[in-house]
Amino acid sequence: MSRNRRAGIHSAMPGPVIVPHADAAVAGFEAGYRMGWRDGACEAVLRHTAMPVARRRNVRAIYVPQGFQAIDEGVTHALRETVKELHVVPAERMAEQAMLIRPDLVFVLNGLHVFPDNHFEQIDTIRAAGIRTVIWFADDPYVTEDTVKVAPHYNTVLTHELSTIPLYQSLGCSDVHYMPLAVHPALFKPFSVAHAYRSDVCFIGQAFWNRVELFDALAEQLVGLKVFIAGGLWERLASYDRLKRFIRQGWLPVEESIQYYNGARIVINMHRTTEAGLDNKNTYQYPGRSINPRTYEIAACGTLQLTDIRDDLIQHYQPGIELDTFQSAQELGEKIRFYLANEELRSAIAVKGLARTLREHTYMSRMEQVMQALGYFN
């Protein structure tokens, strides 16, 4: 059965119900009703969904953050509940602290961008002291020119990207695991927001060229809606003059992103292109086969997500049931119109996506998988 049929979409899709001269109070009541139904359904999910409980291991660990707030906070919180003793240490001091603390494990997120020039020297020192070193790559496959230099220095390599597992194995890394990312539900969660954060359609992210192409193709359909777009490089749009009133240029703080996710009726998730060039350091040309952390974060806010398709998506969510997908700008435009006109279905899918996320895709559940992959069963 096609995705369109599963979602109940047919060829003669109705557009959103728009009454040009409707009384403002009636429109406000309708918006309030929509948000109230959604808030109540999300609250029920939060109350009744069985979330994973940490199983503490007899492990002393150091965690070295990358500086990705949403991931670092989630991993730190989950590790505190999963190991006997945790120390969060900055990258420039990891060898010094490892020699003092003598942990069982040094767990590093990503190891790129802000890490010091003596990163490899520090890790080699830690490893030579008999302390296990683990790196979890969160930027694959976009920076493989850098990660191929990092990976061989670690005992264990975790990557959220399916396509790069053979790459690290080919470098002589003997312990490589596929480890998807997740969400920190203390940050990304459903709640009511002020009117200023509400939209029909929301997208937050950099204007990589594939995203530019998509939004240029959608421009005609977006102009009649309330749209919010945030991120850098959106002046690349051919339709920039037409869409600029919707665009907030530059980086958006995580806390504000969460407000906009909660206020949107639909959030678009478009993975970035993987081609080597100005936007990527992927001369190895590894494809993107795995979903990004935004997939989990949007779902955790109880908002309908329309996402492009990655190979591992169906391992984590059911398209048409817990989120929905698109393969072209035309299909995306059709689904936007359909879901804006079918409020109950839109909300039901969003709520099911929230429940799946809380059951399976929090950093607490992911740390359980990490510990098992590392062989820490007790």
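Whatever comes next refers back to the structure up there.
Residues numbered from 1 in each chain as written. Predicted model: local features only at pLDDT ≥ 70, side-chain atom pairs only at ≥ 80, totals over all residues. Heavy atoms only, no water.

This part covers the side chain of Ser-163. Residue placement: Ser-163 occurs in the loop between β5 (156-159) and α7 (165-170). Within polar-contact distance, the side chain of Ser-163 engages the backbone oxygen of Pro-287 at 2.6 Å. (Helix = DSSP H or I, 4+ residues; strand = E, 2+ residues; numbered from the N terminus. Polar contact = N/O pair within 3.5 Å; in protein donor to acceptor, adjacent residues only side chain to side chain.)

Further remarks concern the packing of helix α11 (residues 293-300) against helix α14 (residues 343-360). The interhelical angle for the contact between α11 and α14, taken along N-to-C directions, is 115°, at an axis separation of 8 Å. Between α11 and α14 lies a crossing of left-handed hand. Every residue of α14 that contacts α11 at Tyr-296, Ala-299 and Ala-300 is listed here: Gly-353, Leu-354 and Thr-357. Taken together, the residues that form the contact of α11 with α14 break down as four nonpolar, two polar and no charged. (Axes fitted to C-alpha atoms, helices over the stretch in contact; angles between N-to-C directions. Left-handed = near helix turned anticlockwise from the far one by under 90°. Contact = heavy atoms within 4.5 Å. Nonpolar A, V, L, I, M, F, W, Y, C, P; charged D, E, K, R; others polar.)

For the rest of this paragraph, the subject is the packing of helix α13 (residues 329-341) against α14. One can describe the packing of α13 onto α14 by two numbers: an axis separation of 5 Å at closest approach and a directional angle of 100°. Relative to α14, the element α13 is oriented roughly perpendicular. Together, Phe-338, Tyr-339, Leu-340 and Ala-341 of α13 and Glu-343, Leu-345, Arg-346 and Ile-349 of α14 make up the contact between the two elements. Within the contact of α13 with α14, the residues separate by chemical class into six nonpolar, no polar and two charged. (Parallel < 35°, antiparallel > 145°, perpendicular 65-115°, else oblique.)

Bringing the nonpolar core into the picture now. Counting 50 residues, the largest nonpolar core has Val-75, Leu-105, Phe-107, Trp-136 and Phe-188 as the members making the most contacts within it. Core analysis: the next-biggest nonpolar cluster, separate from the first, contains 31 residues, Phe-215, Val-227, Ile-229 and Leu-237 among them. (Core = buried A, V, L, I, M, F, W, Y, C linked by side-chain atoms within 4.5 Å. Buried < 20%, exposed > 50% of the residue type's maximum accessible area, 1.4 Å probe, protein only.)

All right, on to the side chain of Thr-274 then. On the secondary structure map, Thr-274 appears in the loop between β10 (264-269) and α11. Assessed through its relative accessible area of 15%, Thr-274 is described here as buried. Not counting residues within four places of it along the chain, the set of residues in contact with Thr-274 comprises Pro-141, Tyr-142, Asn-280, Asn-282, Tyr-286, Pro-287, Gly-288 and Arg-310.

Between Asp-140 and the following residue, Pro-141, the backbone shows a cis peptide bond with an omega angle of 0°. Along the polypeptide, Pro-141 turns up in the loop between β4 (132-137) and α6 (144-150). Look at Arg-102: it is not a glycine, yet its phi comes out positive at around 55°. With respect to the helices, strands and loops of the structure, Arg-102 is situated in the loop between α4 (94-101) and β3 (105-109). The backbone phi angle of His-113 is positive, close to 65°, even though this residue is not glycine. Relative to the helices and strands, His-113 resides in the loop between β3 and α5 (119-128).

Our next topic: α4. Structurally, the α-helix is built with 3.6 residues per turn, so residues lying three or four positions apart point the same way. Three or more residues of α4 are buried, namely Met-94, Ala-95, Gln-97, Ala-98 and Ile-101. Projection of α4 onto a plane perpendicular to its axis shows the buried side chains occupying an angular sector of 165°, all on one side. In this fold, the buried residues of α4 make contact with β1 (57-64), β2 (83-88), β3 and α5. (Arc of directions from axis to C-beta.)

Spatially, the six strands line up as an open sheet ordered β9-β8-β7-β10-β11-β12, and their pairing is parallel. Looking at which strands have only one partner, the edges of the open sheet turn out to be β9 (247-249) and β12 (324-325). Relative to β9, strand β8 (residues 227-231) is paired through three bridges, and the arrangement is parallel. Its bridge partner lying in β9, Ala-230 is registered against Arg-248. Where helix α8 (residues 209-222) meets the sheet, its contacts fall on β7 (199-204), β8 and β10, and the angle it forms with β7 comes to roughly 165°. (Pairing = 2+ DSSP bridges.)

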